[in-house]
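# Structure at a glance
The residues making up each chain are set out below.
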Amino acid sequence: MSRIFAEPAYQQGVVPAAVFSAQGRTGRAVPDVAANADPNAGYLIGQTQTFPDGSVKYSEYRIGGTSLASPLFAGIMALADQAAGVPHGFANPLFYSHPGAFTDVTSPASTVAVVRTNYVNGVDSSNGLAYRLRTANQTLSLQTTVGYDDVTGLGTPTAAILGLH
């Protein structure tokens, strides 16, 4: 919940009171939508960079979080703009007026985990690999619930989003 911005009209009646009470305040609720942000399922970035030994060379690494979810959702909105024949512009009011255009993300029935392989030295495999078990949906104080929640917002977009305008 924002401490600065009030709850916008488009969120009223969609963001449940339980979300506000869990945060101990009211205000602009985030997130609005969900997209894949998991670095374990992320995408590969390649770039030329300076390494710890001072050498400059090309390397690749995986990325997740907002750096993954934002461009994915931007691509979805580009497709929606193309389908509509016009840009959507500020789309939040449209999203909240059509929550059925999103798949509600809820907690799985059991714990979900993935084994992640990392370079021991953080640069390459020359010093070996380390394997870590990473559990998913461990949001601590935030809760994934039915409907809007403060983990996944309205949810993930469905193909119906392409027809909204």
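What comes next is a walk through the structure.

Quick notes on the rules
Each chain has its residues counted from 1, following the order in which its sequence is written. Per-residue local features are limited, in this predicted model, to residues with pLDDT of at least 70; the limit for side-chain atom pairs, both in listing and counting, is 80 or more; totals at the level of whole chains, interfaces and linings are taken over all residues. For side-chain calculations, the full set of non-hydrogen atoms in the structure is used, while hydrogens and water are omitted. Put simply, DSSP H or I for four residues or longer makes a helix, DSSP E for two residues or longer makes a strand, and each gets a number counted from the N terminus. Contacts are assigned to residue pairs with any non-hydrogen atoms lying within 4.5 Å of each other. Centre distance within 6.5 Å is the pairing criterion for rings of Phe, Tyr and Trp, where only the six-membered ring of Trp is used; planes under 30 degrees apart are then read as stacked, over 60 as edge-to-face, and the remainder as tilted. Partly exposed residues are those whose accessible area sits between 20% and 50% of the maximum for their type, while under 20% is buried and over 50% is exposed, using a 1.4 Å probe and protein chains only. We treat two strands as partners when DSSP finds at least two bridges between them. As used in this record, nonpolar core signifies buried Ala, Val, Leu, Ile, Met, Phe, Trp, Tyr and Cys residues forming a set joined through side-chain atoms within 4.5 Å. A helix is expected to span 1.5 Å for every residue after the first. Note: the arc covers the axis-to-C-beta directions of the helix.

## Digging into the side chain of Thr-152
- As for its position among the elements, Thr-152 is in the loop between strand E5 (129–135) and strand E6 (156–157).
- Ignoring any residue separated from it by four or fewer positions in sequence, one finds Thr-152 in contact with Pro-31, Val-33, Ala-34 and Val-105.

## A closer look at the packing of aromatic side chains
- Tallied over the entire structure, the rule returns five aromatic pairs.
- Measuring from centroid to centroid gives 5.8 Å for Phe-73 and Phe-95, while their planes differ by 85 degrees, and the two rings are edge-to-face. Here the residue Phe-73 occupies a position in helix H2 (residues 66–84), and Phe-95 occupies one in helix H3 (residues 92–97), the gap between them amounting to 22 residues. With respect to burial, Phe-73 and Phe-95 carry one shared label: buried.
- Centre to centre, the rings of Phe-95 and Phe-102 are 5.4 Å apart; their planes meet at 80 degrees, and the pair counts as edge-to-face. Side by side, Phe-95 and Phe-102 carry an identical accessibility label, which is buried.
- A connected cluster of aromatic rings, assembled from ring pairs, spans Tyr-10, Phe-90, Tyr-96 and Tyr-148.

## Here we look at the pairing of strand E2 (residues 56–63)
- Relative to E2, strand E1 (residues 43–50) runs antiparallel, the two being bridged by eight bridges. Bridge pairing in E2 links Gln-47 to Ser-59.
- Linking E1 to E2, which pair antiparallel, is a turn of five residues; within it Gly-54 sits at a positive phi near 90 degrees.

## Observations concerning the nonpolar core
- Among the nonpolar cores identified, the biggest contains 19 residues, and Val-15, Met-77, Phe-95, Phe-102, Tyr-148 and Ile-161 are the most heavily contacted of them.
- Every element with two or more residues in this core is listed here: helix H1 (17–23), H2 and H3.
- Sequence-distant contacts of Phe-102, defined by excluding residues within four places in its chain, comprise Val-33, Phe-73, Phe-95, Leu-154, Gly-155, Thr-156, Pro-157, Thr-158 and Ile-161.

## Description of H2
- Counted at 1.5 Å a residue, the expected span for H2 with its 19 residues is 27 Å, and the 26 Å between its end C-alpha atoms agrees.
- All of the buried residues in H2 are Leu-68, Ala-69, Phe-73, Met-77, Ala-80 and Ala-84. Buried residues in H2, looked at end-on, bunch into an arc of 155 degrees, giving them a common side.
- Its buried side turned inward, H2 meets E1, E2, H3, strand E3 (102–103) and E6.
- Within two residues after H2, Gly-85 carries a phi angle of roughly 80 degrees, on the positive side.

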